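Letter by letter, the chains look like this.
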Amino acid sequence: ATALRLGAGAVVPELRSAGIVSASGGGGTNSLTQAVSIDSGAEISSIRNSGKISASNSGQGMAAAISDKSGTLTLVENGGTISATAAAGGGDRAIAMDLRQNAGGATVRQTAAAQGAPAPSITGSLLFGSGNDVFDVADGTITGTTRFGAGATRLSLAGDARYTGDVHFGAGADTVTLGGTSAIDGNIDFGGGADSFTLGGTSRFVGALSGAQGLAV
């Protein structure tokens, strides 16, 4: 099941979602439920979400909220909810964003909520490509595993943002920065590069570090 699909030949500079884009399905291990699917041969530079983008699979298959097979999506900005859930669990069967085809670098940005507004959230795995990727979280929650590629990548949290899950970096020079009262509760594999880890304000990290032989703290 797919809620919104951009086929080959489609050219969409920007997708803005302020409502609900949702897909649900089930089936065997090969079943795939997608909320936003971007085919190879399509072109889209950015997605800005202030509503809800969600995918759920109640069977043995996978769910992906945003799946980009074109490699052209360079910015995802979230001020709402992006979520993927899969009943089967295990591995990366529930994928919030699949950006692995992007080799030039992608940015995922979660913005600060306006006063009195609900905090934004992302649930599910985030899979980046081989470029110099950026994951910038100014507010809200992130729940899931993030897998960066081989580039010089950056993860930053600010304000009272909360990240729950593991983070895996490639062999590039990677950077993790926490500020304000933000927190990471999970393990970080730095991948063995010349990396840096900065804890500012009253931020905290609860977890284990690996691949950190070149890490500066």
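Structure's up top.
Definitions and cut-offs
- Residues numbered from 1 in each chain as written.
- Predicted model: local features only at pLDDT ≥ 70, side-chain atom pairs only at ≥ 80, totals over all residues.
- Heavy atoms only, no water.
- Helix = DSSP H or I, 4+ residues; strand = E, 2+ residues; numbered from the N terminus.
- Buried < 20%, exposed > 50% of the residue type's maximum accessible area, 1.4 Å probe, protein only.
- Contact = heavy atoms within 4.5 Å.
- Areas by Shrake-Rupley, 256 points an atom, 1.4 Å probe, with all protein chains shown as cover.
- Polar contact = N/O pair within 3.5 Å; in protein donor to acceptor, adjacent residues only side chain to side chain.
- Phe/Tyr/Trp six-rings, centres within 6.5 Å; stacked < 30°, edge-to-face > 60°.
- Pairing = 2+ DSSP bridges.
- Axes fitted to C-alpha atoms, helices over the stretch in contact; angles between N-to-C directions.
- Salt bridge = Lys/Arg side-chain N within 4 Å of Asp/Glu carboxyl O.

A word on the overall build of the protein
Within the protein one finds zero helices and 25 strands. Counting only residues that meet the buried cut, the protein has 47% of its 217 residues in that class. Taking the intrachain contacts of the protein between residues at least 6 apart in sequence as the baseline, contacts between residues at least 24 apart amount to 48%. Carbon and sulfur atoms make up 50% of the accessible area of the protein, which totals about 8800 Å².

Points about the environment of D133
Of note, D133 is situated in the loop between β13 (125-127) and β14 (134-137). For D133, a relative accessible area of 1% gives the class buried. Between the C-alpha atom of D133 and that of F148, which follows or precedes it by 15 residues, the distance is 7.4 Å. Those residues within four positions of D133 in sequence are excluded, and the remaining contacts are G105, A106, F128, F148, A152, T153 and R154. There is a polar contact of 2.7 Å between the side chain of D133 and the backbone nitrogen of A106.

Considerations on the packing of aromatic side chains
Across all of its chains, the model carries six aromatic pairs by this definition. With centroids separated by 4.8 Å and ring planes inclined at 0°, the aromatic side chains of F148 and F169 adopt a geometry described as stacked. One end of the pair, F148, is in the loop between β16 (146-147) and β17 (154-157); the other, F169, is in the loop between β19 (167-168) and β20 (175-178), and 21 residues separate them in sequence. A relative accessible area of 8% means that F148 is categorised as buried. Taken together, the ring pairs connect F128, F135, F148, F169, F190, F197 and F205 into an aromatic cluster.

A short note on the pairing of strand β8 (residues 75-78)
The pairing of strand β5 (residues 43-49) with β8 spans four bridges and is classified as parallel. Directly across from I47, in β8, lies its bridge partner V76. Both β8 and strand β11 (residues 107-110) contribute to a ladder of four bridges, which runs parallel. Along β11, the bridge assignment pairs L75 with T107.

Points about the side chain of S182
Take S182: it is sitting in the loop between β20 and β21 (183-185). On the basis of relative accessibility, which here comes to 0%, the residue S182 falls in the buried class. Only 2.7 Å separates the side chain of S182 from the backbone oxygen of G179, close enough to count as a polar contact. Setting aside residues no more than four positions away along its own chain, S182 makes contact with L157, A158, G159, D160, A161, R162, S203 and R204.

Side note on the sheet that holds strand β3 (residues 20-25)
Two strands in a sheet stick together by hydrogen bonds in their backbones, pointing the same way (parallel) or opposite ways (antiparallel). Strand order across the open sheet formed by eight strands is β3-β6-β9-β12-β15-β18-β21-β24, with parallel pairing between neighbours. Strands with a single pairing partner mark the edges of an open sheet, and in this sheet they are β3 and β24 (204-206). Averaged over all neighbouring strand pairs, the angle between strand axes comes to 5°, with direction disregarded. Examined bridge by bridge, strand β9 (residues 81-86) and strand β12 (residues 121-123) share three bridges and lie parallel to one another. Residue S83 lies in a different strand from β12, and its bridge partner there is T123.

Regarding the sheet that holds β16
Judged by pairing direction, the sheet is parallel, and its nine strands sit side by side in the order β1-β4-β7-β10-β13-β16-β19-β22-β25 without closing on themselves. Every other strand in the sheet has two partners, leaving β1 (2-6) and β25 (209-210) as the edge strands with one partner each. Here two bridges tie β13 to β16, and the two strands are oriented parallel to one another. Along β16, the bridge assignment pairs L127 with R147.

Examining the pattern of salt bridges
Applying the stated criterion across every chain yields a total of seven salt bridges. One salt bridge connects E14 with R48, and the closest N-O pair in it is separated by 2.7 Å. Within this pair, whereas E14 is found in strand β2 (residues 11-17), its partner R48 is found in strand β5, the two being separated by 34 residues in sequence. In this structure, the salt-bridge partner of R48 is E77, at a minimum N-O distance of 3.2 Å. Here R48, found in strand β5, pairs with E77, found in strand β8; they are 29 residues apart in sequence, far enough to count as distant. Taking relative accessible area as the criterion, R48 reaches 23% and is therefore assigned partly exposed. Among the charged side chains, a network of salt bridges with common partners joins E14, R16, R48, E77 and R109.

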